[in-house]
Structure formats: C-alpha cells, structure tokens
Amino acid sequence: MSVIAKIDESIEAVLEKFQIPGISLGIIHDGTIIHAKGYGYSNVEHLVPVKPETVFQSGSVGKQFTAMAIMMLVERGKLELDNTIHNYFMDAPIAWNNITIRHLLTHTSGMTDYPDHINLRVDYTEDEIYREIRKIPLKFQPGERWAYSNLGYVMLGILIRRITNQFYGDFLKENIFHPLEMTTARVINETDIIPNRASGYILVNGELKNQEWVSPTLNTMADGALYLTVYDMAKWNAGLNNNQLLKNRTSFDTIWTPVKLNNGSTYPYGFGWVLAEASNGMHIVEHRGAWQGFKSIILRILEEKLTIVLFANLRETDIYELAMLVLQIYNPELVPNPMYN
C-alpha cells in the first residue's frame, strides 16, 4: 500500500471512530500539492461530500494573516513593533502604558481571552468591543509571561483600521489574498452566498448538533475569522516560501523567533505561529484553530519545505493528533519532539 493510500485509510478510520462529519487534507512539498482530498461530509443534513474546494472556518489559524498584515505595515514604516500601543490608542487605560505591538503579536501583553461579560451573541461594533476590552484588567504585566489572548489579536485588527482606514479584512484581501491568488479566502460572512461552504458541528451527549451561533460582527474580528480552503492554504504556503509579501528576509526571521520575556527566558511562540522542532532537528512552525464547530491546523517543516493543512467540521476533533498521524505516515523523522506538544 502506498503512503498516500495509508493516509487515506487512516483518516477514514478516524472519521468513523470519532464521529467527525468531514475532513479536508492538503499535503504540499516544495510548492507542489502532493495530495489534496476531502473525506466525509461538509453538510450532514444534505449529505454534501467534502472536497478540496470545501470552505472551512479558520479559527485561530487566521492569526498568522493578521500578523502578516502587521509586519507589512512595519515594513512600510507605518508601525514599529516596540512602540507602545498608546501611540495609536490615545485613550487606552494607564495599565496598558507598557504594552507594545510585539506584546500583542506574541500573547505576552497581559490581556485575557474573552471574559464572561462579553456576550458572544451581541453584535458589537469595533468601537464597542474596544471599549469592552478597555474595562478588563490585565492578568500580568506586559512581557512577564505568555498567555494566549484572542483579545490581543482583536486589538491588532482594530489597530490596522486606525493605521490604514481600512477594515482589516479588506486589507488582507487587497494585500495578501489577491496578490497570492487565494480566490476563496475571505472574512466570515453569514449572509453572503458562498459556494462549497461547510457546516460546523458539535457533539452533545454523543449526538451530532449544529454549531453554536455567535453574532455576525464577532465573526469578523482579527483573532481568527476567515473562510479558507486547502487550495487557499497551498497558495499562502507558496507565498511564504517565496517571500512574496515581505521585502526583507529578516522580517520572516522575526515572525518565527521565540518571544523573549522580561526575565530573559523565551517561549516558543512567534507572531501568530507556534514554534517547534522535529526529532531530526528541523524547524517546525504551526498553528491550530477552533471556532464554531470547526478545527484547523497548518504545520510547516521549514527546511523540508513540507506543509500539512487539515480542516475538520467537528469541535471535538483533536486536529493536532490528526496532523501527527498524517506526518507519522508521511515521514516519521519529521514528527515534533514531545516537549512541544
């Protein structure tokens, strides 16, 4: 049995074992799509099969696009990574005095995730969500430690509008999606007719249910609210490999450099990317996403120029373990060291 046939067989088994409606897989090597395939259903009610063109929600995989937008603005001289955000938010709380753009990008600002008082069913405008974020106390002093913060990336999206006078999604479309010919990539929109859009699902007491509803505007924030296909991600991957979006190689090095904390130690997170190392010493950059009944992952082994992209439309999917299963079959020498899991 070929390696690809083994991968297909394994994914089909995972679908059945864990009640996952559908999965989309892309394996890209040195700019060439080795394998792109859909498994199961994108819509259970209508029995619509998943295919490589199926559109999934990104979850936090979308953070790397927000980070790229920020780095493009840095290269254009519109921003400086170590400027405090008071330079751009004059009405920011005093507690934010030492928060820099770098802190927001690396989850070291001290900002939290969405607290209970932010109702995900309320249609906040950007200004309203900003006012809500201002009320939330920091968990720690900027740079003191690492703690995942969706609100930090929401702030980066608001910052992009303040700098460019554009909604961050329009900036992505104009400066990333169009140049890379990512023809189906876009910010989530519940009302538009979007061909091949998948439905998201959750399990409740072992029974498949439709995803939980959140407000349309919260589904457009810069913490990870994109529609993507594996073909879009292949083009994104090619753009990263070919340095198409940034002028300086040092900008990419910055994106994939572990964040340095105040005490001099580092944490394996860059700008919208988790940083790891394969068992053979090669560098891995990856990120996972989870939102509204969807799971996603992009995993890139830089020296090997190998990328694995996976989307699933079930909240309970262990997307990282699924990626490791594919990688183990494809090339077991590239599996990350356990300390990075």
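Structure shown above.
**Looking at the overall build of the chain**
And step 1. Scanning the chain from terminus to terminus reveals 9 helices and 14 strands.
And step 2. Taken over the C-alpha trace, the chain has a radius of gyration of 19 Å; the compact-globule value for 341 residues is 20 Å, and the two agree within 12%.
And step 3. Each principal axis of the C-alpha distribution contributes one length, and for the chain these read about 60 × 45 × 35 Å.
And step 4. Split into buried and exposed, the 341 residues of the chain put 55% on the buried side.
And step 5. In the chain, of all internal contacts separated by at least 6 residues, the share reaching a separation of at least 24 is 66%.
And step 6. Accessible area for the chain stands at about 14700 Å²; split by element, carbon and sulfur atoms hold 49% of it.
And step 7. The averaged location of the 37 negative side-chain charges in the chain is 3 Å from the averaged location of its 29 positive side-chain charges.

**Description of helix H1 (residues 3-18)**
And step 1. End to end, H1 covers 23 Å across 16 residues, agreeing with the expected 22 Å (1.5 Å per residue, within 8%).
And step 2. On its buried face, H1 sits against strand E1 (22-29), strand E2 (32-43) and helix H9 (319-330).
And step 3. After H1 finishes, the residue Gln19 shows a positive phi value of roughly 60°.

**Section: the environment of Trp146**
And step 1. Relative to the elements of secondary structure, Trp146 occurs in the loop between helix H4 (126-134) and helix H5 (150-164).
And step 2. Those residues in contact with Trp146, other than ones at most four positions away along the chain, are Thr106, His107, Thr108, Phe140, Val259, Leu261, Tyr267 and Tyr269.
And step 3. A distance of 3.0 Å separates a polar atom in the side chain of Trp146 from the backbone oxygen of Thr106.

**Some words on the pattern of salt bridges**
And step 1. If you walk through the whole model with that rule in mind, you get 12 salt bridges.
And step 2. Note that Arg102 and Asp82 form a salt bridge whose closest N and O atoms lie 2.7 Å from each other. Here Arg102, found in helix H3 (residues 101-106), pairs with Asp82, found in the loop between helix H2 (63-75) and H3; they are 20 residues apart in sequence, far enough to count as distant.
And step 3. A relative accessible area of 28% places Arg102 in the partly exposed class.
And step 4. One network of salt bridges, in which partners are shared, links Glu212, Arg315 and Glu316.

**Considering the pairing of strand E6 (residues 201-204)**
And step 1. With 4 bridges connecting them, E6 and strand E7 (residues 207-210) associate as antiparallel partners. Opposite Val204, over in E7, you have Glu207 as the bridge partner.
And step 2. The turn linking E6 back onto E7 is made up of 2 residues, and Asn205 within it adopts a positive phi angle of 55°.

**Considerations on the sheet that holds strand E8 (residues 226-228)**
And step 1. Across the sheet, which stays open at both edges, the 3 strands sit in the order E4-E8-E5 with antiparallel pairing between neighbours. Either end of the sheet is taken by a strand with one partner, and the two such strands are strand E4 (56-57) and strand E5 (186-187).
And step 2. Looking at chain direction, E4 and E8 are connected through 2 bridges and run antiparallel. Considered in E8, the bridge of Gln57 is made with Tyr227.

**Focus on the sheet that holds strand E14 (residues 306-312)**
And step 1. With respect to topology, 7 strands assemble into an open sheet ordered E3-E2-E1-E14-E13-E12-E11, the strand pairing being antiparallel. In this open sheet, the two edge strands, each paired with only one partner strand, are strand E3 (48-49) and strand E11 (274-277).
And step 2. Here strand E12 (residues 283-291) pairs with strand E13 (residues 294-301) via 8 bridges, running antiparallel. Note that in E13 the partner of Arg288 across the bridge is Ile297.
And step 3. Each of E1, E2, E12, E13 and E14 touches H9; the most contacted strand, E14, lies at about 140° to it.

**A look at the packing of H1 against H9**
And step 1. Relative orientation of the contacting elements H1 and H9 amounts to 155°, with a least axis distance of 9 Å. The angle between H1 and H9 falls in the class roughly antiparallel. The interaxial crossing formed by H1 with H9 has right-handed handedness. Here Val3, Lys6, Ile7, Ser10, Ile11 and Val14 of H1 lie close against H9, whose contacting residues are Leu322, Leu325, Val326, Ile329 and Tyr330.
And step 2. In terms of residue class, the contact of H1 with H9 is built from 9 nonpolar, 1 polar and 1 charged.

**Here we look at the nonpolar core**
When a protein is soluble and globular, its nonpolar side chains tend to lie buried together.
And step 1. Residues Phe65, Met68, Trp96, Ile101, Ile176 and Trp236 are the most contacted members of the largest nonpolar core, which totals 80 residues.
And step 2. Every residue in contact with Trp236, bar those within four places of it in the chain, is listed here: Gln64, Phe65, Met68, Ile176, Leu180, Met182, Leu245, Trp273 and Ile298.
And step 3. In terms of nonpolar packing, the next biggest core, distinct from the first, is built from 31 residues, Val14, Leu25, Ile301 and Ala312 among them.

Cut-offs used in this document
Residues numbered from 1 in each chain as written. Predicted model: local features only at pLDDT ≥ 70, side-chain atom pairs only at ≥ 80, totals over all residues. Heavy atoms only, no water. Helix = DSSP H or I, 4+ residues; strand = E, 2+ residues; numbered from the N terminus. Rg over C-alpha atoms; globule rule 2.2 N^0.38 Å. Buried < 20%, exposed > 50% of the residue type's maximum accessible area, 1.4 Å probe, protein only. Contact = heavy atoms within 4.5 Å. Areas by Shrake-Rupley, 256 points an atom, 1.4 Å probe, with all protein chains shown as cover. Lys, Arg positive; Asp, Glu negative; His and termini not counted. Charge placed at Lys NZ, Arg CZ, Asp CG, Glu CD. Expected span 1.5 Å × (residues − 1). Polar contact = N/O pair within 3.5 Å; in protein donor to acceptor, adjacent residues only side chain to side chain. Salt bridge = Lys/Arg side-chain N within 4 Å of Asp/Glu carboxyl O. Pairing = 2+ DSSP bridges. Axes fitted to C-alpha atoms, helices over the stretch in contact; angles between N-to-C directions. Parallel < 35°, antiparallel > 145°, perpendicular 65-115°, else oblique. Left-handed = near helix turned anticlockwise from the far one by under 90°. Nonpolar A, V, L, I, M, F, W, Y, C, P; charged D, E, K, R; others polar. Core = buried A, V, L, I, M, F, W, Y, C linked by side-chain atoms within 4.5 Å.

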